[in-house]
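For reference, the chains in residue letters:
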Amino acid sequence: MTETTNASETPKVGFVSLGCPKALTDSELILTQLSAEGYQTSKTFQGADLVIVNTCGFIDDAVKESLDTIAEALAENGKVIVTGCLGAKTGDSGANLVLETHPSVRAVTGPHATQEVMDAVHTHLPKPHDPFLDLVPGAFGEAGLKLTPKHYAYLKISEGCNHRCTFCIIPSMRGDLVSRPIGDVLKEAKALFEGGVKELLVISQDTSAYGVDVKYRTGFWDGKPVKTRMLELVQALGEMARAHDAWVRLHYVYPYPSVDDIIPLMAEGLVLPYLDVPFHHSHPDVLKRMKRPASGEKNLERIQRWREICPDLVIRSTFIAGFPGETEEEFEHLLDFLRVAEIDRAGCFAYSPVKGAEANELPGMLPEAVREERRSRFMAVAEEVSIARLHKRVGASMQVLVDSAPAMGRRGGVGRSYADAPEIDGTVRLLPPEKVSKTLKVGEFTRARIVGVEGHDLVAVPV
């Protein structure tokens, strides 16, 4: 039965987006559609007529956070729709985990399900008007609404993943790789750049595999044929960014041989010399148990070759410590890899036995205390390597994208260099400019001289 609201009031929807940037782009699609149909958003659960929670279900901590947020929304509002990766998970009984835990939620969908979410919203909070008669306020044209600051945005190029890594359950939640048509991707990028975005962050589950599912089918952009492939996509995005004096940053780039073709584009400045590469481990036996596509030795050789072509290249990666069966020797191999490869930015998870992961059945599950101890040791080495790399930048002049600039930057501000992705890497603390006439503005670039290092961050003076 459809529920009704007072026709004189604009219906308000509360929204919580949890998890990774890929989930954030799903949230942006839903919010764009809500706005197009005349719904308003509420900053509080109590002030909303209905709440949507976009969940994460990747690791146990994320599951707990999602379930706790749903509980909070139910307690403060009572009318809740759940979407996202957790919505696709089953509980111990084989039933839907969300419904098993919170049976009073109004509807549950999996990830990347804008229409299903909107159908549920229409059922429980009827739409106020015809979406074809209204424009979306605050949107980037065809790119829709964004939840990020106006000067940077995420661009999702595909959904799902063809890998079956033993520690991961994402394919069971998001399915196999489905690449977006290259014309649609470039159309969205154009709208974002024209709307003032200065940094475009390309995301997916596997950016390097873009187009594999459609056999690199030829699409069309600006009246010209373009292959649905990572190389052609990056070239087109880079040329577009150059015309708008903007950055393109690549995330989730698996270390396939095809990535070698992207490095020269970084060396010539077409896209940022920055790669987010999920290596996960270095020892060949551990990688084999993980069912990862590359060996540690090949990865090390590839990194060295990349840096020969592009010496400014910054590499960020994530790793898993305490994987089932990991010996002390294999873990030390990982630490050595970290030092020799000089990974600029490294994150590490202690292995989490996520329900449904194949790795849980492997022999040699390590005690939680050992897993956490190895994660701590890893992060200590990672910090050493990262800080040593940062100190090499002292004295250099770098372009910095300003994220914060109180009083027009006269008291300084905060920004990021090409080496810093938002929220996951370090920042550049900008001191007050030496010139009285110098000002800073959020979303614009400034040149800055690096004068120091503070932990994982740089300190610089605008010039």
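Residues numbered from 1 in each chain as written. Predicted model: local features only at pLDDT ≥ 70, side-chain atom pairs only at ≥ 80, totals over all residues. Heavy atoms only, no water.

Topic: the sheet that holds strand β4 (residues 80-84)
Stated precisely, the cut-off is as follows: Any two strands between which DSSP finds at least two bridges are classified as paired. Here a strand is any run of E in DSSP of at least two residues, a helix any run of H or I of at least four, and the numbering for each starts at the N terminus. Should any heavy atoms of two residues lie within 4.5 Å, those residues are considered in contact. Only the stretch in contact is used when fitting a helix axis, every axis being a line fitted to C-alpha atoms; angles between N-to-C directions are given from 0 to 180 degrees.
One open sheet accounts for 5 strands, arranged β2-β1-β3-β4-β5; its pairing is parallel. Looking at which strands have only one partner, the edges of the open sheet turn out to be β2 (40-42) and β5 (107-108). Bridge count for strand β3 (residues 50-55) against β4 is 5 bridges, and the pairing is parallel. Bridging across to β4, Ile52 finds its partner in Ile81. Seen against the sheet, helix α2 (residues 60-76) touches β1 (12-17), β3 and β4 and runs at an angle of roughly 180° to β3. Across the sheet, helix α4 (residues 114-124) is in contact with β3, β4 and β5; its angle to β3 comes to roughly 160°.

Considering the pairing of strand β19 (residues 445-454)
The pairing of strand β16 (residues 397-404) with β19 spans 5 bridges and is antiparallel. When the sheet's bridge partners are listed, Val400 is paired in β19 with Thr446. For β19 and strand β20 (residues 457-462), the ladder comprises 6 bridges, and the chain directions are antiparallel. Among the inter-strand pairings, Ala448 is bridged to a residue of β20, identified as Pro462. Linkage of β19 to β20, two consecutive antiparallel strands, is achieved through a turn of 2 residues, within which Gly455 is found at a positive phi near 60°.

Some words on unusual backbone geometry
Positive phi values are uncommon outside glycine, yet Asp222 reaches one of about 55°. Residue placement: Asp222 occurs in the loop between β10 (218-221) and β11 (224-227). In this model, Ala407 sits at a positive phi of 55°, which is unusual for a non-glycine residue. Here Ala407 lies in the loop between β16 and β17 (413-416).

Description of the packing of helix α1 (residues 21-36) against α4
Using the following cut-off: Here roughly perpendicular refers to angles of 65 to 115 degrees, roughly parallel to angles under 35, roughly antiparallel to angles over 145, and oblique to all remaining angles. Should the near helix be turned counterclockwise from the far one by less than a right angle, the crossing is left-handed, whereas a clockwise turn marks it as right-handed. Residue type decides the class: Asp, Glu, Lys and Arg count as charged, Ala, Val, Leu, Ile, Met, Phe, Trp, Tyr, Cys and Pro as nonpolar, and the leftover types, Gly among them, as polar.
Contact pair α1 / α4: the axes reach a minimum separation of 10 Å and the direction vectors enclose 45°. In terms of orientation, α1 and α4 fall into the oblique class. Along this stretch, α1 crosses α4, giving a crossing that reads as right-handed. The residues of α4 that touch α1, namely those facing Leu29, Ile30, Gln33 and Leu34, are Thr114, Val117, Met118 and Val121. Here the contact of α1 with α4 is composed, by residue class, of 6 nonpolar, 2 polar and no charged.

Section: the pairing of β3
Condition: Relative accessibility thresholds used throughout: buried, under 20% of the residue-type maximum; exposed, over 50%; partly exposed, between the two (1.4 Å probe, protein chains only). Handedness is read with the strands pointing away from the viewer; a crossover is right-handed when the path from the first strand over the helix to the second is clockwise.
Across the 6 residues of β3, 6 count as buried, placing the element largely inside the fold. Of the pairings in the sheet, the one linking β1 to β3 comprises 5 bridges and is parallel in character. Residue pairing for β3: Val16 is matched across the bridge by Val53. Assessed by its sense of winding, the connection that carries the chain from β3 through α2 to β4 is right-handed.

Quick notes on the packing of helix α11 (residues 328-341) against helix α12 (residues 368-391)
α12 packs onto α11 with a crossing angle of 15° between their chain directions and a minimal axis gap of 9 Å. Here α11 is positioned roughly parallel relative to α12, judged by the angle of their axes. Judged by the sense of rotation from one axis to the other, the crossing of α11 with α12 is right-handed. Counting all contacts with α11, which are made through Glu328, Phe331, Glu332, Leu334, Leu335, Leu338 and Arg339, the residues of α12 involved are Arg374, Arg377, Phe378, Val381, Ala382 and Val385. Tallied by class, the residues present in the contact of α11 with α12 amount to 8 nonpolar, no polar and 5 charged.

Quick word on the nonpolar core
For soluble globular proteins, the rule of thumb is that nonpolar side chains tend to be buried together. Using the following cut-off: Joining through side-chain atoms within 4.5 Å is the link that ties buried Ala, Val, Leu, Ile, Met, Phe, Trp, Tyr and Cys residues into a set, and such a set is a nonpolar core.
Counting 55 residues, the largest nonpolar core has Leu250, Leu275 and Phe378 as the members making the most contacts within it. With 7 residues, helix α7 (residues 230-243) is the largest single contributor of residues to this core. Aside from chain neighbours lying at most four places away, what touches Leu250 is Val202, Met230, Val234, Ile262, Met266, Tyr274, Leu275 and Asp276. One finds Trp247, Leu272, Met398 and Ala405 within the second-largest nonpolar core, a separate group that totals 26 residues.

Focus on helix α6 (residues 182-194)
Put simply, the rule reads: The span one expects for a helix is its residue count, reduced by one, times 1.5 Å.
Across its 13 residues, α6 extends 18 Å between first and last C-alpha, which sits within 8% of the 18 Å expected from 1.5 Å per residue. Three or more residues of α6 are buried, namely Ile182, Gly183, Val185, Leu186, Glu188, Ala189, Ala191, Leu192 and Phe193. Looking at the buried side of α6, the elements it contacts are β6 (152-156), β9 (199-203), β10, β11, α7 and β12 (247-250). Backbone geometry just downstream of α6 places Gly196 in the positive-phi region, at approximately 105°.

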